[in-house]
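Given next are the chains, with one letter for each unit.
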Amino acid sequence: MIFYPKFYCQKVTDISVEYLRKNNIKAIILDVDNTLLDFDLNIISGLEEWYNEIKINNIKCIILSNSNKEKKIKMVADLLNIPFIKFATKPLKRGFKKAQKILGEKSQNIAVVGDQIFTDVIGANRSKMFSILVKPVASKDLWMTRFKRPLENLIIKKYLKSR
Ligand SMILES: [Mg+2]
């Protein structure tokens, strides 16, 4: 199902190295807004500790954001010292392909983590990557995102029932 993630959890820091290893994940594509940052641009707690654990286990990360606000994305990328791609046009495949090239891994060995079904999950599934949906960090959203949330919640409900 193109709308369903392979894995669904509360937040990115809940994704363990063990789980990634078990699923042959060698690299991660990370969303920024509402995944690593809340609406007020606060970085989620425990992110650096989580990333250190990922890094020492040789799992590569890259940020793939639909936003064109470079300063915001770069702040997170610099904190973790990882590359980033802005204005990614998710769910189109081209941003994922670009990220994959930088990561240098096969699509089945790449996980995509994000809070939106219509950009992150669909884009990951279409790119044959391992989709991980997280709950949005903030309750506040951009108006366009807010418009999509009720439909997303309906899909998540169906997804949880289907497992
Ligand atoms: Mg997001």
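The rules we used
- Along every chain, residues carry numbers that run from 1 in the direction the sequence is written.
- Where totals are concerned, whole chains, interfaces and linings use all residues; where local detail is concerned, this predicted model gives features only for residues with pLDDT of at least 70, and gives and counts side-chain atom pairs only at 80 or more.
- Where helices and strands are cited, they refer to DSSP runs of H or I of at least four residues and of E of at least two residues respectively, numbered from the N terminus.
- Under the definition applied here, buried Ala, Val, Leu, Ile, Met, Phe, Trp, Tyr and Cys residues are grouped into a nonpolar core through C-beta atoms within 7 Å.
- Burial is judged by counting the other C-beta atoms within 10 Å of a residue's own C-beta: 20 or more makes it buried, 12 or fewer makes it exposed, and any count in between marks it as partly exposed, with every C-beta position built from the backbone.
- Residues are treated as contacting if the C-beta atoms built from their backbones sit within 7 Å of each other.

(A) Up close: unusual backbone geometry. That bond from Lys90 to Pro91 is cis: its omega, 15°, falls within 30 degrees of zero. By the element assignment, Pro91 lies in the loop between strand 4 (84-85) and helix 4 (93-103). Its identity as a non-glycine residue notwithstanding, Asn34 has a phi of 70°, on the positive side. Along the chain, Asn34 turns up in the loop between strand 2 (27-30) and helix 2 (47-56). With phi around 60°, Lys128 is a residue other than glycine that occupies positive phi space. Looking at where Lys128 falls in the secondary structure, it is placed in the loop between helix 5 (117-126) and strand 6 (130-134).

(B) Structural detail: the nonpolar core. Within the largest apolar cluster, 40 residues are counted, with the highest numbers of intra-cluster contacts made by Ile28, Ile63, Ala111, Val112 and Val113. Contacts of Ile63, omitting those with residues within four sequence positions, involve Leu30, Val32, Ile73, Val76, Ala77, Ile82, Phe84 and Ile85.

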